[in-house]
Amino acid sequence: MALPFFEYLCEFMLSRRYAKRTIDTYLYWIRFFILFHDKRNPNQLGEIMDLGS
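Residues numbered from 1 in each chain as written. Predicted model: local features only at pLDDT ≥ 70, side-chain atom pairs only at ≥ 80, totals over all residues. Heavy atoms only, no water.

## Points about the overall build of the chain
Assigned secondary structure in the chain consists of 2 helices and 0 strands. Of the accessible surface of the chain, which amounts to about 5000 Å², a share of 59% is contributed by carbon and sulfur atoms. (Helix = DSSP H or I, 4+ residues; strand = E, 2+ residues; numbered from the N terminus. Areas by Shrake-Rupley, 256 points an atom, 1.4 Å probe, with all protein chains shown as cover.)

Structure, rendered in structure tokens:
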């Protein structure tokens, strides 16, 4: 059973006509990023991961 977050991302990318292989690759890297940071909320990652700047 897929997680709702990944289902949403997949549907979002499909609606923008991303290739299936591209979607699979993006989902892989998103999953890897989440697991690498021990499933922490982005708000808890601190200034090191400041994606806004």
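Having seen it, we continue.
## Side note on helix α2 (residues 20-36)
Taking 1.5 Å per residue, 17 residues should reach 24 Å; α2 reaches 24 Å between its end C-alpha atoms and fits that length. One or two steps after α2, the chain reaches D38, where phi turns positive at roughly 55°. (Expected span 1.5 Å × (residues − 1).)

## Observations concerning the packing of helix α1 (residues 4-15) against α2
A packed helix pair is summarised by two numbers, namely the angle formed by the two axes and the spacing between the axes. The geometry of α1 relative to α2 is characterised by a closest axis approach of 10 Å and an angle of 150° between their N-to-C directions. Both α1 and α2 take part in a crossing whose hand is right-handed. Along its contact with α1, which presents F5, F6, L9, C10, M13 and L14, the element α2 presents I23, Y26, L27, I30, R31 and I34. Broken down by class, the residue content of the contact of α1 with α2 amounts to 11 nonpolar, no polar and 1 charged. (Axes fitted to C-alpha atoms, helices over the stretch in contact; angles between N-to-C directions. Left-handed = near helix turned anticlockwise from the far one by under 90°. Contact = heavy atoms within 4.5 Å. Nonpolar A, V, L, I, M, F, W, Y, C, P; charged D, E, K, R; others polar.)

## Thoughts on the nonpolar core
Within the largest apolar cluster, 5 residues are counted, these being F6, L9, M13, I23 and L27. Ranked by residue count, the leading element in this core is α1, at 3 residues. (Core = buried A, V, L, I, M, F, W, Y, C linked by side-chain atoms within 4.5 Å. Buried < 20%, exposed > 50% of the residue type's maximum accessible area, 1.4 Å probe, protein only.)

## Quick word on α1
Counted at 1.5 Å a residue, the expected span for α1 with its 12 residues is 16 Å, and the 16 Å between its end C-alpha atoms agrees. Looking only at α1, the buried set comprises F6, L9 and M13. All buried residues of α1 project into a common sector of 60° when viewed along the axis, lining one side. Exposed residues pointing more than 90 degrees away from the buried face of α1 are listed as P4, Y8, E11 and S15. The inward-facing, buried residues of α1 abut α2. After α1 finishes, the residue R17 shows a positive phi value of roughly 60°. (Arc of directions from axis to C-beta.)

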